[in-house]
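Observations on the model geometry
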Amino acid sequence: MKKLLIFAKNNYIAVLIVIFIITLSFASQIPKVVIDPSSDGFMIKGDPEKTYYEKIIKEFGSDNRMIIFLKDRNLFSEDKIKAISEVLEKLEKYKYISKIETVYNQKNIKWRDGGLITEDFLDPFNLPSKEEILQAKRDAIENPILNSNLINKDGTAMAINIIIEKHPEIKSYDTLVSKEIESFLKPLNGVIEEYFQIGGPYFKKSLVEYIIKDQIKLVPLAVLVLFIVVIISLRSFYGALSPLVTAGLSVIWTFGFMGLIGIPINIITVIIPALIIVIGSTEDIHMISEYFEGLEHKQDRHFAIEFMANKMGIAIFLTAFTTIAGFSSIITNDITVLKQFGIVTTFGLIANFIITVFYTPAMLRLRGPLKAPTHSDRSDSNIFQKIANLGLKIVYFNRGFVFGVVVVITVAIGFGMNFLRINNDTISYFKKTSEIRLRADIVKEHLAGAQNFYIVVDAGKPGAFKNPHYLKEIYKIVNHLNETKYFSKSIGISDFIALVNQEMNEGNKKFYVIPESKELIAQYYLLFHRKDIENNVNADFSKANIIVKHNLTSSYELKNAIQEVQNYIKNNIDSSLKIKFTGENVLVNSAADTIAIGQAWSITLVLFIIFFIMSILFLNIKAGLLSLIPNIIPIFFAFGTMGYFGIDLNVGTAMIAAISIGIAVDDTIHLMVRYNSELKRMNDQDLAIQETIHSEVRAVVSTSIALTLGFSVLVLSNFLPVIHFGWLSAMVMVIALFADLIITPLLLSKTRLITLWDMLNIKLKQSVFNSVLFEGMKKWQIKKLVLSSKMKEFKEGEYIIKQGDKERTFYLLLDGKADVFRNTENGESIKITTFEDGQFFGEIALCGDIERTANVVAKTNCLTLEFDWESLERIRKFLPNITAKFFMNLSKVMSIRLKETTEKITKGV
Ligand SMILES: Nc1ncnc2c1ncn2[C@@H]1O[C@@H]2COP(=O)(O)O[C@H]2[C@H]1O
């Protein structure tokens, strides 16, 4: 790390040129980035159900429908029909429309004046008499296929269903179609009371508009927030500029990367620039503030950069790593948009880290300020210190009690998780007040819902749906669908046959059933053109399709409803029929469970990565656990709150846990690393904690504020998943801060930490390695043992051990000499031996758990390592091999000492 920074400083011109060239090449890819409003991304990647669905829409017609909704008290007056007919004329000529369904052009099958008529309800271009129009209106309302589908119960609302061709090759196709259709609606202006388009292309056009609006709003706001926070915390304009430049460059790289590998902007990837700007800035802030600290020592760029490089230790690297781990865990999700989000953010944050590490020292070398900003008033630091004191007061008030309270609150809030629901419905991603939701609500009020899916019934043999048995099965399913409260309207091929049957029987509603005779059914079919029934039965009559319209806007409701229908089918319908539910709606919704599984998987992955790294770094499993606890608490809070407030788990909120753990753990790492170094310096756990909290509080609190504000910016998005993601992540940051200031010290105060870093850097005298105590051990094992001890100095004449004391520690003499004296019963003091460096003493009380058997006094100034029983116990659990060797060596020396003592005694005798 240090070498990289120094390298960038020394080769600053080359580094800046290379960054410039890379940036240019990424920038050249940006035009390739597209906005993707389709719902494909919300489905499961490579889902075989999707292939099935594509086959079905080829057979029964596209479900890329747009509805033009018309509402008027007098919808059937001549002038209104005229205006509508003008619109229809234009629509019919429009090249991208494959089919138009209106009340007018549907078949009116009616028993009238002793005979059956089958003709279109109305020809809007050639209007009949007023009475005849009103009769057509009544017929349409009575027609079960049309009612609530194309016309409402009292004939004041109508829908024009338009089936739009799919043209993925045309750029901005949906926006184009939606805009052109909007222009066709002009004749309705001032004539029809209320009219608008909804569904298909309009939905996608709105999505694109919202995505662009989001981008225009969120990015500058994120920049502003970042700028303000950095200016406040660094007190320097230049200091605030640098993170902005690195964030800007990272965003260019990231967009270029999206263009290069073909990942589009969608409602989830739209937040990436804002996120990179906010999250990426934390490293810059740390670096620049170290640079300024360097300047305070010496006003020289070289010196300040090197000072910064020296201070940029393992913490910076680790925190970047855990943050990236959090984001990259999202890649494991099977939902396309989430996978894409994971890939792009991982790239973006790695890019940001690289740019920061190279650009910042190079730029500081070129133009870095020569004066550190003066902290004119230190009142802010008082606030930080007050926060620190408060945190410490709470911790020391009563550790057990505080811990208990935290656990109780966490469990109580976490309990809300039981109410958590999963949702992946695209309409519910818009705000309730958005135009799109308002329009959907109006349609919902008057007609069967704008949402639909298909139930495909496959009999497996041609002509099956000319057979009364199979038609009756469809009839039963449709009947059941219309009876349940879940769906607003379902239409199957059975409806057409039943309707003709009813009209053949003089319109008697009792005859709205499937006739028993095959011949009769064959005759009935003759009344229809292929196009009249093509949505409901395929060309060879082997498959039937039930169109189910509904207003459900959440996955769990739809899932329950489908489940109910499936149960019905299982118990009541001929099991030789293959029945499948399909449709864009069903595919998107069935991906909901994948969201939950993906979410659980990414949390596990992040937790494991963090646990693994921290355990290795601190050579202690407990340290791994310890770094997780303060960061798991906020996750309980987030999911619990979601449960209580009815916020669903969706593509946005699913990411919160993994991402925020990755970010929140940064502060814990800073605290642990600092605690570790303070502990070495002070040798007192409580003092070390106090010092850690006091010195880190400023950085921890200000980065938390930056992140909280940064995430809060997302609340201004147009998409609910993004809004929820924003405020919940902001909440997680605040809670993680509290957890870090209270839980971390609480846990640390019970732990001794050693880092891998210490292990690698520790330099021991050769005499230590040669000590009998370490015989047969590898160098790293010796270091590990040494690091579990405390360094202690004694002045000449000072007692190291007092006879009769009860304590379980022992000493390795690193430097100096120490005498062993034993007090006899008659008050004399007999010298037993003198120890030199490399030798140890105090092993009797340590192993025997008895009183000290002699005094040990420093003969010269002594430097010792003190080992205590608890630390050795800890190592024994973690690395039993080392302790076994250690105690073997110990007993070897003890045997020799016993032998020598026995010899002395017998000689004396
Ligand atoms: N006879 C002895 N020979 C060598 N060392 C001794 C002898 N008696 C006591 N000591 C050391 O002096 C230490 C005093 O504290 P302990 O009894 O814990 O452990 C003792 C030994 O390490």
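On a predicted model such as this, the values are computed, not experimentally measured, just so you know.

Bringing the environment of valine 651 into the picture now. Note on placement: valine 651 falls in the loop between helix H23 (621-645) and helix H24 (656-682). Taking C-alpha positions, valine 651 is 17 Å from tyrosine 210, a pair spaced 441 residues apart along the chain. Once residues lying within four places of it in the same chain are set aside, the contact partners of valine 651 are Phe42, Ile268, Ile335, Val337, Leu338, Asn424, Tyr429 and Ile595.

Right, let's talk about the site of the ligand for a bit. Neighbouring the ligand are 15 residues, the closest being Gly842, Glu843, Ala845, Arg852 and Thr853. Threonine 901 is positioned with one of its side-chain polar atoms (N or O) 3.5 Å from a nitrogen atom of the ligand. Protein contact buries 91% of the 450 Å² of open area that the ligand shows by itself. Elements supplying a minimum of two residues to the shell around the ligand: strand S15 (829-835), helix H30 (843-848) and helix H32 (880-908). Here the shell around the ligand gets three residues from one element, more than from any other, and that element is H30. Along the lines of polarity and charge, the residues of the shell around the ligand split into nine nonpolar, three polar and three charged.

Now for the UniProt feature "domain: Cyclic nucleotide-binding" (unreviewed entry) in the chain. Mapped onto the present numbering, the UniProt feature "domain: Cyclic nucleotide-binding" (unreviewed entry) falls on residues 773-875. Span residues 773-875 is 21% helix and 40% strand, its end C-alpha atoms 16 Å apart.

Next up on the list: the domain arrangement of the chain. On domain assignment, one finds that the chain holds domain 1 (63-206), domain 2 (435-582) and domain 3 (762-907). Here the C-alpha centroids of domain 1 and domain 3 sit 96 Å apart.

Leftover empty space is mapped by rolling, across the atoms, a probe with the size of a water molecule. Tallied over the entire structure, the rule returns eight cavities of 30 Å³ or more. Taken as a whole, the second largest cavity holds about 270 Å³ of empty space. Residue lining of the second largest cavity: 27 residues in total, with Thr282, Thr319, Ile663, Asp666 and Leu707 positioned closest to the centre. Taken together, the elements giving at least two residues each to the lining of the second largest cavity come down to helix H9 (272-297), helix H11 (314-328), helix H12 (336-367), H24, helix H25 (685-713) and helix H26 (720-748).

Cut-offs applied
Residues numbered from 1 in each chain as written. Predicted model: local features only at pLDDT ≥ 70, side-chain atom pairs only at ≥ 80, totals over all residues. Heavy atoms only, no water. Helix = DSSP H or I, 4+ residues; strand = E, 2+ residues; numbered from the N terminus. Contact = heavy atoms within 4.5 Å. Near = heavy atom within 4 Å. Polar contact = N/O pair within 3.5 Å; in protein donor to acceptor, adjacent residues only side chain to side chain. Areas by Shrake-Rupley, 256 points an atom, 1.4 Å probe, with all protein chains shown as cover. Nonpolar A, V, L, I, M, F, W, Y, C, P; charged D, E, K, R; others polar. UniProt positions renumbered as here; feature names shortened; annotations may be inferred. Domains from an automatic or database assignment. 1 Å grid on protein atoms, 1.4 Å probe; cavity = no way out; pocket = protein on both sides within 12 Å on 5 of 7 lines; lining within 4 Å. Points joined across faces, edges and corners; volume = space filled by probe spheres on them.

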